[in-house]
Amino acid sequence: MRLLIIEDEPDLLDSLAEAMREDGYAVDEATDGEDGLSKALYSNYDAIVLDVMLPGMSGFTVLEKLRLKKKTPVLVLTARSATPDRVRGLDAGADDYLPKPYELPELLARIRALIRRTAGNASTVIRIQDVSIDFAAHTVTKAGTAILLTARELALVEYLAQHRGRIITREQLYEHLFDENDDTLSNLLDVHVSHLRKKLGHEFITTRRGLGYVIE
Ligand code: CA
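Residues numbered from 1 in each chain as written. Predicted model: local features only at pLDDT ≥ 70, side-chain atom pairs only at ≥ 80, totals over all residues. Heavy atoms only, no water.

Draft legend 1. Region of the structure containing the packing of helix α3 (residues 59-67) against helix α4 (residues 83-91). Close contact between α3 and α4 brings their axes to 9 Å; oriented N to C, the two are set at 20°. Judged by the inter-axis angle, α3 sits roughly parallel to α4. Of the two elements, α3 crosses α4, and the hand of that crossing is left-handed. Only Asp85, Arg88 and Gly89 of α4 make contact with α3, whose side of the interface consists of Phe60, Leu63 and Glu64. By residue class, the composition of the contact of α3 with α4 is 2 nonpolar, 1 polar and 3 charged. (Axes fitted to C-alpha atoms, helices over the stretch in contact; angles between N-to-C directions. Helix = DSSP H or I, 4+ residues; strand = E, 2+ residues; numbered from the N terminus. Parallel < 35°, antiparallel > 145°, perpendicular 65-115°, else oblique. Left-handed = near helix turned anticlockwise from the far one by under 90°. Contact = heavy atoms within 4.5 Å. Nonpolar A, V, L, I, M, F, W, Y, C, P; charged D, E, K, R; others polar.)

Following this line, the structure appears as structure tokens:
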């Protein structure tokens, strides 16, 4: 999953981005509204964390402009917990909001819930055949046995499982698993899929020639 964080306070942005990368997300960053909006319009993020108080274009304006074009899930960080701000954020098209100061585990849980709801999944655990994927704990078991996956393998299997039944193109996988600074070679995707098949069963991920990959 790939996130965009729009936050002008460098320390906050760094700590947030680091925590999210540790949680397995590909993370892009923007420090003002203009840059944030152009990234949000250009790339297809799984979710956006948007600060309200930004220099130049405010978070509300970013959200209003984004909503003219895209439905990307947005969690708004508001410094003020006053009701008018929350109401304005929700009316502008925010999917969730969190007043500052927030607890990091709560923010991460809300992001997971946002992504889950968007994909139409109610539970944090998805079971496919004898494979069980826990999106909160970031663990995968097969027939009850824990399977050790690399961060990339986990991100790949989580994305395909979250969108199971749908063919996901290579372009979509690149867009959602790698951040803007990632220059990983394209053939690595096949390597990750091949490793996942060895660990989870050869039939677990189906290749649709010329189209992409799918978990049925
Ligand atoms: Ca701010």
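Draft legend 2. Structural view of the side chain of Arg197. Looking at the secondary structure, you find Arg197 in helix α8 (residues 188-200). Although buried, Arg197 forms no salt bridge, and the nearest oppositely charged side chain, Asp190, lies 7.4 Å from it. Looking at Arg197, its side chain comes within polar contact range of the main-chain oxygen of Ile205, at 2.8 Å. Those residues in contact with Arg197, other than ones at most four positions away along the chain, are His202, Ile205, Thr206, Thr207 and Tyr213. (Buried < 20%, exposed > 50% of the residue type's maximum accessible area, 1.4 Å probe, protein only. Lys, Arg positive; Asp, Glu negative; His and termini not counted. Salt bridge = Lys/Arg side-chain N within 4 Å of Asp/Glu carboxyl O. Polar contact = N/O pair within 3.5 Å; in protein donor to acceptor, adjacent residues only side chain to side chain.)

Draft legend 3. Geometry of the sheet that holds strand β8 (residues 139-142). Ordered by their spatial adjacency, 4 strands build an open sheet running β6-β7-β8-β9, and the pairing between neighbours is antiparallel. Edge strands, defined here as strands with exactly one partner in the open sheet, are β6 (125-128) and β9 (145-147). Going from strand to strand, the sheet's axes swing by 25° on average, the running direction of each strand aside. Alignment of strand β7 (residues 131-134) against β8, held across 4 bridges, turns out to be antiparallel. Bridged to Ser132 within β8 is Thr141. Taken strand by strand, helix α6 (residues 151-162) contacts β6, β7 and β8, and its axis lies near 100° from that of β7. Helix-sheet contacts for α8 involve β7, β8 and β9, and the interaxial angle to β8 is about 50°. (Pairing = 2+ DSSP bridges.)

Draft legend 4. Broad picture of the packing of α6 against α8. Closest axis-to-axis distance for the α6/α8 pair is 10 Å, and the angle between their directions is 80°. Between α6 and α8, the crossing angle belongs to the class labelled roughly perpendicular. Facing α6, whose interface residues are Arg152, Glu153, Leu156 and Val157, α8 presents Leu189, His192, Val193, His195, Leu196, Lys199 and Leu200. Of the residues contributing to the contact of α6 with α8, the split by class is 6 nonpolar, 2 polar and 3 charged.

Draft legend 5. Looking closely at the domain arrangement of the protein chain. The domain boundaries assigned to the protein chain delineate domain 1 (2-119) and domain 2 (125-214). Listed by partner, the interface residues are 18 residues for domain 1 and 14 residues for domain 2. Carbon and sulfur atoms supply 41% of the area that domain 1 and domain 2 bury against each other, a total of about 1,200 Å² over both sides. In this structure, the connection of domain 1 to domain 2 is made through 9 residue pairs in polar contact (both at pLDDT 80 or more). Those elements that provide at least two residues to the side of domain 1 that touches domain 2 are β2 (26-30), α2 (33-42) and α5 (104-119). (Domains from an automatic or database assignment. Buried area = accessible area lost by both parts, 1.4 Å probe.)

Draft legend 6. Inspection of a negative patch on the surface at higher detail. Negative charge collects at one region of the surface, where Asp11, Asp14, Glu18 and Glu22 lie side by side. Position of Glu22 relative to the elements: it lies in helix α1 (residues 10-22). Judged by its relative accessible area of 64%, Glu22 is exposed. (Patch = residues over 30% accessible without salt bridge, like charges linked within 9 Å, V, L, I, M, F, W, Y side chains within 5 Å. Areas by Shrake-Rupley, 256 points an atom, 1.4 Å probe, with all protein chains shown as cover. Charge placed at Lys NZ, Arg CZ, Asp CG, Glu CD.)

Draft legend 7. Fine view of the sheet that holds strand β4 (residues 74-78). Pairing in this open sheet of 5 strands is parallel, and the strands run β2-β1-β3-β4-β5 from one edge to the other. Only two strands of the sheet have a single neighbouring strand rather than two, namely β2 and β5 (96-99). This sheet shows a mean twist of 20° between the axes of neighbouring strands, independent of strand direction. Across 5 bridges, strand β1 (residues 2-6) lies against β2 in parallel orientation. Across the sheet, Ile5 pairs through a bridge with Glu29, a residue of β2.

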